[in-house]
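# Structure at a glance
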Amino acid sequence: MTSTHAFWLAGRQATGESDFDVTSPWDGTTVGTVSLPTDAQVEEAVAAAYAVRDEFAATPAHVRAAALDHVSRRLVERTEEIARLISAENGKPIKWARGEVGRAVSVFRFAAEEARRFNGGEAQRLDTDAGGQGRLALTRRFPKGVVLGIAPFNFPLNLCAHKIAPAIAAGAPIILKPAPATPLSGLILGELLAETELPAGSWSILPVPNDRMPALVQDERLPVISFTGSETVGYAIMDSVPRKHCTLELGGNGAAVVLADWASDEDLDRAAARIATFSNYQGGQSCISVQRVIADAAVYDRLLPRIVAAVEAQVTGDPNDAATDVGPLVSEAAAERVETWVREAVDAGAKLLTGGKRDGASYAPTVLTELPADTTLAHEEVFGPVLSVQKVAGEAEAFAAVNDSKYGLQAGVFTHDLQAAFRAHRALEVGGVVVGDVPSYRADQMPYGGAKQSGVGREGVRFAMDDYTYERVLVLTGLAL
């Protein structure tokens, strides 16, 4: 292993001087000890990535694809081990952690496929105008340079995969900074990448603490920043580097609309079950978890008790138990914040139908109605297992309620009406509309991102590769076309 690729080891191997313990939010036990990279190691990683950028861009597609395939296969082989690690450092129930590993397997597989077909070049004849006679344009995409990927804690493996895999597929060196609370899952990817033949410097995993990030963000050798996390931090990064290319996948307060035609007992049972599951499935710590239910008055009275019952049926407790649906939040401070927001809403007049209780880092799945519009819960992202249900009169009012938000990530619309589905697609100011389901569905190969304050750019392997590259035109002259 080269010295450059040993940077993932700087995180994995404790040295004593700058070590910190990663602890479980469930029981406080130590999951692992991580050593922070020194300033010298960070500089060496950045310098190596910058130096290798041209070589890596020219690396044959089959080499990059083979490395990505290798990581995908190794994730399959180590699924249970890695899922247990995710659950331990994040508090995610083991069944959801296993699903996250499966998604990361797909991300690296998709990236390997895209590496083989990306940038084949598009030919355009120019003799459609007299001045272009005998000329042909060939357009190809080339990396913009080194990518700085910044990943959050809520999907500590898969969102690291969404930074690393597209960069490697596109031939762009990447420096990944995993979240401080959950660095171990990201460092596992470094362990797997170290088994490949990718050139030294083409990747590094650096668990740099947040207070040391401004220097990396400002470094001119890192012209592309891909950030997933909070609105506040994301836009602060963008504002600090206005001449860099920034992609931001930020927050949301996802709405699930239930229209009047979704009215049978079977329909309402399904909607309630999906809403209950996906308002709580990561402890609510997903930017597309269901935070708002907007139900037509024609179905509201029959839907609401079903939602409450389905939420109360969620199994809470030990994330190591395969039966557990809802584990702790990432920290006790996170649970305390959720508790504060719910208390504020209830004090302002919201009705608490179930939940509303905290136990350490755990917060009980919660349902509210009659949420006042001026409360924090009504307009911010709760990032916890809290759901509000709102009654509206008709489709137009429902769609207006979805749009009455500074966020616009994804929305779900429960309807059988194809015309209503297309009206929703036109009317809703979001990055994705999911018909017949909650807003929480995400396929890792599709374009994923939001409108308004939910971010800039798109994740999804091929679409991230577009963000990491730019078009360069080659004009050939004197051709007999």
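First things first, this report covers the structure right here in the doc.

Analysis parameters
- Residues numbered from 1 in each chain as written.
- Predicted model: local features only at pLDDT ≥ 70, side-chain atom pairs only at ≥ 80, totals over all residues.
- Heavy atoms only, no water.
- Helix = DSSP H or I, 4+ residues; strand = E, 2+ residues; numbered from the N terminus.
- Rg over C-alpha atoms; globule rule 2.2 N^0.38 Å.
- Buried < 20%, exposed > 50% of the residue type's maximum accessible area, 1.4 Å probe, protein only.
- Contact = heavy atoms within 4.5 Å.
- Areas by Shrake-Rupley, 256 points an atom, 1.4 Å probe, with all protein chains shown as cover.
- Lys, Arg positive; Asp, Glu negative; His and termini not counted.
- Charge placed at Lys NZ, Arg CZ, Asp CG, Glu CD.
- Axes fitted to C-alpha atoms, helices over the stretch in contact; angles between N-to-C directions.
- Parallel < 35°, antiparallel > 145°, perpendicular 65-115°, else oblique.
- Left-handed = near helix turned anticlockwise from the far one by under 90°.
- Nonpolar A, V, L, I, M, F, W, Y, C, P; charged D, E, K, R; others polar.
- 1 Å grid on protein atoms, 1.4 Å probe; cavity = no way out; pocket = protein on both sides within 12 Å on 5 of 7 lines; lining within 4 Å.
- Points joined across faces, edges and corners; volume = space filled by probe spheres on them.
- Polar contact = N/O pair within 3.5 Å; in protein donor to acceptor, adjacent residues only side chain to side chain.
- Pairing = 2+ DSSP bridges.

Time to look at the overall build of the protein. Counting secondary structure elements, the protein contains 17 helices and 22 strands. By the compact-globule yardstick of 23 Å for 481 residues, the protein fits well, its C-alpha radius of gyration being 24 Å. Along the longest, intermediate and shortest principal axes, the C-alpha atoms of the protein span 70 × 70 × 40 Å. Every one of the 481 residues in the protein was classed for burial, and the buried ones make up 56%. Within the protein, contacts between residues separated by at least 24 positions form 72% of all contacts whose residues are at least 6 apart in sequence. For the protein, the accessible area works out to roughly 19100 Å², and carbon and sulfur atoms hold 51% of it. Placing the 44 positive and 61 negative side-chain charges of the protein at their respective mean positions leaves the two points 5 Å apart.

This paragraph deals with the packing of helix H4 (residues 61-77) against helix H6 (residues 94-117). Two elements in contact, H4 and H6, have axes separated by 8 Å at closest approach and are oriented at 165°. It follows from the interaxial angle that H4 and H6 lie roughly antiparallel. The two elements H4 and H6 meet at a crossing, and its hand is left-handed. Residue-level inspection shows Ala61, Arg64, Ala65, Ala66, Leu68, Asp69, Val71, Ser72, Leu75 and Val76 of H4 in contact with H6, the latter providing Val101, Ala104, Val105, Phe108, Arg109, Ala111, Ala112, Ala115 and Arg116. The residue makeup of the contact of H4 with H6, split by class, is 14 nonpolar, one polar and four charged.

As a further point, take empty space enclosed by the protein. In the structure shown here, the tally under the stated rule is four cavities of 30 Å³ or more. Computed from the structure, the largest cavity encloses a volume of approximately 90 Å³. Taken together, 16 residues form the lining of the largest cavity, with Lys163, Ser226, Thr247, Arg458 and Glu459 sitting closest to its centre. Grouping the constituent residues of the lining of the largest cavity by class yields six nonpolar, five polar and five charged. There is about 80 Å³ of room inside the second largest cavity. Along the walls of the second largest cavity sit 15 residues, with Tyr407, Gly408, Leu409, Gln410 and Val430 positioned nearest its centre. Listed by contribution, the elements that provide at least two residues to the lining of the second largest cavity are helix H15 (395-403), strand S17 (407-408) and strand S18 (410-414).

What follows covers the side chain of Lys92. Of note, Lys92 is situated in the loop between helix H5 (79-90) and H6. In this structure Lys92 comes out as buried when scored by relative accessible area, which is 2%. Side-chain polar atoms of Lys92 contact the side chain of Glu100, separated by 2.5 Å. Every residue in contact with Lys92, bar those within four places of it in the chain, is listed here: Ile86, Ser87, Ala97, Glu100, Asn154, Phe155, Pro156, Gln282 and Pro319.

A few words now on the sheet that holds strand S8 (residues 224-228). Read from one edge of the open sheet, six strands run S7-S6-S5-S8-S9-S21, paired in mixed fashion. Single-partner strands in this sheet number two, and they are strand S7 (203-205) and strand S21 (455-456). Sheet topology places S8 next to strand S9 (residues 245-249); five bridges connect them, and they run parallel. Its bridge partner being in S9, Ile225 is matched across the sheet by Cys246.

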